[in-house]
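Residues per chain, in single letters:
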Amino acid sequence: MTNHMKTKILVVAYPTQGHINPSLRFANRLVKLNVDVTYSTSVSVIRHIDIQTTHHGITFAPFSDGYDNGLQPTTTGQQFYSDFSTKGVSAIAEIIKSAAAAGQPFDHLVYTSAIPWAAKVANAHNLESTLLWSQAAIVLDIYYYYFNGYQDLISCNNNPMFSINLPRLPSLTIADLPSFMLPSCLKEHKFILESMKDHLDVLKISSRLLVNTFDELEVEAIKSIEKLVVFPVGPLVPSEFLDGNGQSYNSFGCDLFEKPVEDYIKWLNAKPKSSVVYVSFGSLATLAIDQVEEIASGLVESGRPFLWVIRDSDQVGKLSKIEELKKQGMIVSWCSQVEVLTNQAIGCFVMHGGWNSTVEALAAGVPTIVFSQWSDQATNAKMTEDFWKIGVKVKKREGDGMVEGKEIKRCVEIVMEDGETRRNAEKWKELARQALGNSGSSALNLQAFVDDVRNKTTIYKNSHDEHVEKG
């Protein structure tokens, strides 16, 4: 029997920013624990990763999902999801078989949210698997309860303020739940809820999961469901980010957008401490031009310097207040978010409430203003304002859901001037760093996970060796 000294783990990731960054950072942490990691996702994603300078010790195994040169304008989310699944099933099966045939079989497979099929492929090849859940633990719990007794109560209720009390979770309203559960959910997003049901079904194969959170942040949510074994290993932010040693962060993850050279860091360095409003709505959200105009007027009226990421250059050209905006702040089409959040000039972060951005802001100690769009973002906004108390969520106009300029200004003033919000943000920053530090809860959980994989591997190897006495 072939023996390989290092534990071998295959990490499979769904090819969008919210899954790629946490899973790459997770893979980097495994390498530091002397694990041999193979990382597999779309060809189009791996092209954007600076492999030479950043991810030493990781072997990349790209496969074609049919969109190597990017998505077609007519491709729907459901079509892309379906194509990635179909191509992924055969590609991952081939990677597993090839490694075994070469005498270097994998010991374990870790897969991100949105690809429950990966667990089935692993199971078919007698390989144990673990889900790396890239949202908050509370969001996983909400999906679990939705499919275990609460679906009718939630999906048939049109009152956004209707109170929902789920076991061992804080009190929520319908408006605080993931958007895919709500009656207002767009038909083209319905397939995502089906994918979540598949996730919960495959957790019956392996009930253990890794979650991008930490013990102190979600004490009750982590323990809420007794049938699931949750290992919080977050926040999955670059370790360099926590060292505060001033190096460039562009490389610690992957950005699926072009990186124009714009000297925003030099601009930030010239600004006073905690004076700048950072505005970015993640990699998927595209706001209507009317909404962008309202944000612009709110920023101008706040009178504060700002750094605003707008990917669509056409929108920038259409802004009516463009000259005022350029005098007061800086608009860029891309920035290294981790580098910006850790800059001393940043005073608050106006964002969509995606989980990656939420934990990055939290680990940087930056207060937030959350303008949620879809998916888990309303839940994250609720936790940000009411439980962690590290920011506020915007109030949307009744009828059309628009957030007016005066509301943006109001929120900026609250967060920038409220000492308690800033102190809370500092407190969570320290707790996040402790969780990741030596003997911190997340560091210990990750080591426990790796030890568990190694122990099972040893037992598996020994069971093939006739010279080993069985106890």
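Residues numbered from 1 in each chain as written. Predicted model: local features only at pLDDT ≥ 70, side-chain atom pairs only at ≥ 80, totals over all residues. Heavy atoms only, no water.

- Going by what an unreviewed UniProt entry lists, the protein chain is known as Crocetin glucosyltransferase and is assigned to Helianthus annuus.
- Looking at the protein chain in UniProt, the text filed under Sequence similarities (unreviewed entry) is "Belongs to the UDP-glycosyltransferase family." (UniProt positions renumbered as here; feature names shortened; annotations may be inferred.)

1. A look at the sheet that holds strand E14 (residues 368–370)
Link 1 in the chain: Read across the open sheet, the six strands follow the order E12-E11-E10-E13-E14-E15; overall the sheet is parallel. The open sheet is flanked by strand E12 (330–332) and strand E15 (391–393), the only strands paired with a single partner. Direction aside, the axes of adjacent strands within the sheet are offset by 15 degrees on average.
Link 2 in the chain: Of the strand pairs in this sheet, strand E11 (residues 306–309) and E12 are connected by three bridges, and their pairing is parallel. Bridge assignment links Val-309 to a residue of E12, and that residue is Val-332.
Link 3 in the chain: Strand contacts of helix H15 (residues 377–387): E14 and E15, with the helix running at about 135 degrees to E15, the strand carrying the most contacts.
Link 4 in the chain: Strands strand E10 (276–279), strand E13 (346–351), E14 and E15 of the sheet are contacted by helix H16 (residues 405–417), whose axis makes an angle of about 160 degrees with E15. (Pairing = 2+ DSSP bridges. Helix = DSSP H or I, 4+ residues; strand = E, 2+ residues; numbered from the N terminus. Axes fitted to C-alpha atoms, helices over the stretch in contact; angles between N-to-C directions. Contact = heavy atoms within 4.5 Å.)

2. Side note on the packing of helix H5 (residues 137–155) against H15
When two helices pack together, their arrangement is given by the angle between the helix axes and by the axis-to-axis distance.
Link 1 in the chain: Contact geometry of H5 with H15 gives a least axis separation of 10 Å together with a crossing angle of 130 degrees. With respect to H15, the element H5 is oriented oblique. Crossing of H5 over H15 shows right-handed handedness. For the pair formed by H5 and H15, the contact residues are Ile-138, Val-139 and Ile-142 on the first element and Thr-379, Asn-380 and Met-383 on the second.
Link 2 in the chain: Looking at the contact of H5 with H15 residue by residue, the class counts come to four nonpolar, two polar and no charged. (Parallel < 35°, antiparallel > 145°, perpendicular 65-115°, else oblique. Left-handed = near helix turned anticlockwise from the far one by under 90°. Nonpolar A, V, L, I, M, F, W, Y, C, P; charged D, E, K, R; others polar.)

3. Things to note about the environment of Tyr-143
Link 1 in the chain: Mapping Tyr-143 onto the fold places it in helix H5.
Link 2 in the chain: Taking the C-alpha atoms as reference, Tyr-143 lies 29 Å from Ala-91; in sequence the two are 52 residues apart.
Link 3 in the chain: Discounting chain neighbours no more than four positions away, the residues touching Tyr-143 are Trp-133, Gln-135, Pro-178, Phe-180, Met-181, Leu-193, Met-196 and Leu-200.

4. Some points on helix H3 (residues 77–101)
Link 1 in the chain: For H3, which comprises 25 residues, the first-to-last C-alpha distance of 36 Å matches the rise-based estimate of 36 Å (1.5 Å per residue) to within 8%.
Link 2 in the chain: Its maximal kink placed at Gly-88, H3 deviates by approximately 30 degrees.
Link 3 in the chain: Taken as a whole, H3 has its buried residues at Phe-80, Tyr-81, Asp-83, Phe-84, Ser-85, Gly-88, Ala-91, Ile-92, Ala-93, Ile-95, Ile-96 and Ala-99.
Link 4 in the chain: Along its buried surface, H3 packs onto strand E1 (7–12), strand E2 (35–40), strand E4 (108–112), helix H4 (117–124) and helix H6 (190–202). (Expected span 1.5 Å × (residues − 1). Bend = angle between axes of the 7 residues up to and from the residue. Buried < 20%, exposed > 50% of the residue type's maximum accessible area, 1.4 Å probe, protein only.)

5. Regarding H5
Link 1 in the chain: Its 19 residues give H5 an end-to-end C-alpha distance of only 21 Å, which falls more than 12% under 27 Å, the value for a rise of 1.5 Å per residue.
Link 2 in the chain: Where H5 bends most, the angle comes to about 100 degrees, and this point is Gly-149.

6. Observations concerning unusual backbone geometry
If a residue is not glycine, its phi is most likely negative; likewise, a peptide bond is most likely trans.
Link 1 in the chain: In this structure, Pro-235 follows Gly-234 across a cis peptide bond, with omega equal to 0 degrees.
Link 2 in the chain: Looking at the element boundaries, Pro-235 is found in the loop between strand E9 (229–232) and helix H8 (239–243).
Link 3 in the chain: Positive phi, close to 55 degrees, is recorded for Asn-126, a residue that is not glycine.
Link 4 in the chain: Note on placement: Asn-126 falls in the loop between H4 and strand E5 (129–133).
Link 5 in the chain: With a phi angle near 55 degrees, Lys-389 is a residue other than glycine that sits in the positive phi range.
Link 6 in the chain: Of note, Lys-389 is situated in the loop between H15 and E15.
Link 7 in the chain: Judged by its relative accessible area of 41%, Lys-389 falls in the partly exposed class.

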